[in-house]
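This is what each chain is made of:
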Amino acid sequence: MTDWKAVGVGFVIMLVVGAGGLTVPIVGQIGAGLIGGFATGYLAGGTLGNGAWNGLVAGSISGIVVSLFAAFLGGLVGLAGGPLGSLFGGLGVFVLGIVLTLIFAIDSALAGALGAWVKD
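Residues numbered from 1 in each chain as written. Predicted model: local features only at pLDDT ≥ 70, side-chain atom pairs only at ≥ 80, totals over all residues. Heavy atoms only, no water.

### Here we look at the overall build of the protein chain
Then, number 1: Secondary structure summary: the protein chain contains four helices and zero strands in total.
Then, number 2: Reading the secondary structure of the protein chain in the N-to-C direction produces α-α-α-α.
Then, number 3: If one aligns the C-alpha atoms of the protein chain with their principal axes, the spans along those axes are about 55 × 30 × 20 Å.
Then, number 4: Going through the 120 residues of the protein chain one by one, you find that 40% of them count as buried.
Then, number 5: Long-range pairs, those at least 24 residues apart, make up 73% of the contacts in the protein chain between residues at least 6 apart in sequence. (Helix = DSSP H or I, 4+ residues; strand = E, 2+ residues; numbered from the N terminus. Buried < 20%, exposed > 50% of the residue type's maximum accessible area, 1.4 Å probe, protein only. Contact = heavy atoms within 4.5 Å.)

### Side note on the confidence of the model for the protein chain
Then, number 1: Model confidence for the protein chain is summarised by a mean pLDDT of 84, while 92% of its residues fall at 70 or above.
Then, number 2: Of all secondary-structure elements in the protein chain, the lowest mean pLDDT belongs to helix H4 (residues 82-119), at 82, while helix H1 (residues 4-20) reaches the highest, 90. (pLDDT = per-residue confidence, 0-100.)

### Digging into H1
Then, number 1: Between its terminal C-alpha atoms H1 stretches 24 Å, which fits the 24 Å expected from 17 residues at 1.5 Å a residue.
Then, number 2: When H1 is considered as a whole, its buried residues turn out to be Ala6, Val7, Gly10, Phe11, Met14 and Gly18. On an axial view of H1, the arc spanned by its buried residues comes to 135 degrees, and they lie on one face. Turned more than 90 degrees away from the buried face of H1, the exposed residues are Lys5 and Val16. (Expected span 1.5 Å × (residues − 1). Arc of directions from axis to C-beta.)

### Some thoughts on the side chain of Ser108
Then, number 1: Among the structural elements, Ser108 can be located in helix H4.
Then, number 2: Looking at Ser108, the relative accessible area reads 0%, which means it is buried.
Then, number 3: Polar side-chain contacts of Ser108 include one of 2.5 Å to the backbone oxygen of Phe104.
Then, number 4: Apart from the residues lying within four places of it in its own chain, the contact partners of Ser108 are Met14, Gly33, Gly37, Gly55, Leu56 and Gly59. (Polar contact = N/O pair within 3.5 Å; in protein donor to acceptor, adjacent residues only side chain to side chain.)

### Describing the environment of Phe94
Then, number 1: Secondary-structure assignment places Phe94 in helix H4.
Then, number 2: Phe94 gets classed as partly exposed once you look at its relative accessible area, which sits at 31%.
Then, number 3: Considering only alpha carbons, one finds Phe94 and Ala39, 55 residues apart in sequence, at a separation of 27 Å.
Then, number 4: Apart from the residues within four sequence positions on either side, Phe94 is in contact with Ser67, Leu68 and Ala71.

### Here we look at the packing of aromatic side chains
Then, number 1: Scanning all chains against the criterion turns up one aromatic pair.
Then, number 2: Ring centres of Phe38 and Tyr42 lie 6.4 Å apart, and the angle between their planes is 20 degrees; on these two criteria the pair is classed as stacked. Here Tyr42 and Phe38 lie together in helix H2 (residues 25-44), a separation of four residues that amounts to about one turn.
Then, number 3: We classify Phe38 as partly exposed; its relative accessible area is 29%.
Then, number 4: Looking at Lys119, its charged tip hangs above the ring of Tyr42, at a distance of 5.7 Å from the centre. (Phe/Tyr/Trp six-rings, centres within 6.5 Å; stacked < 30°, edge-to-face > 60°. Lys NZ or Arg CZ within 6 Å of the ring centre and 35° of its normal.)

Put into structure tokens, the structure is as follows:
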């Protein structure tokens, strides 16, 4: 069962750490997923599977939100290239965002399992 309070806290942590992690593009985002996933799993507690599930949900939601925001910004920046530039700019960033979502989800699930294990 999903612990929405833990998922919400992990989501906020991922966004805050991820925003600060923009200075180190790949490492900062992976670190945000690990820290937020660990916090989610720790707060959710229970079995390894429960921690992993809650970390996965928090990582997926934050990855989707970041992807949508980045695609919107890519579309705005792409407007300089006309309508076709906007389409390709937003779509390219969105595809990259899907990869980011997978990264957030996977490392958050692993860290969530670790967080639940540490708590118990």
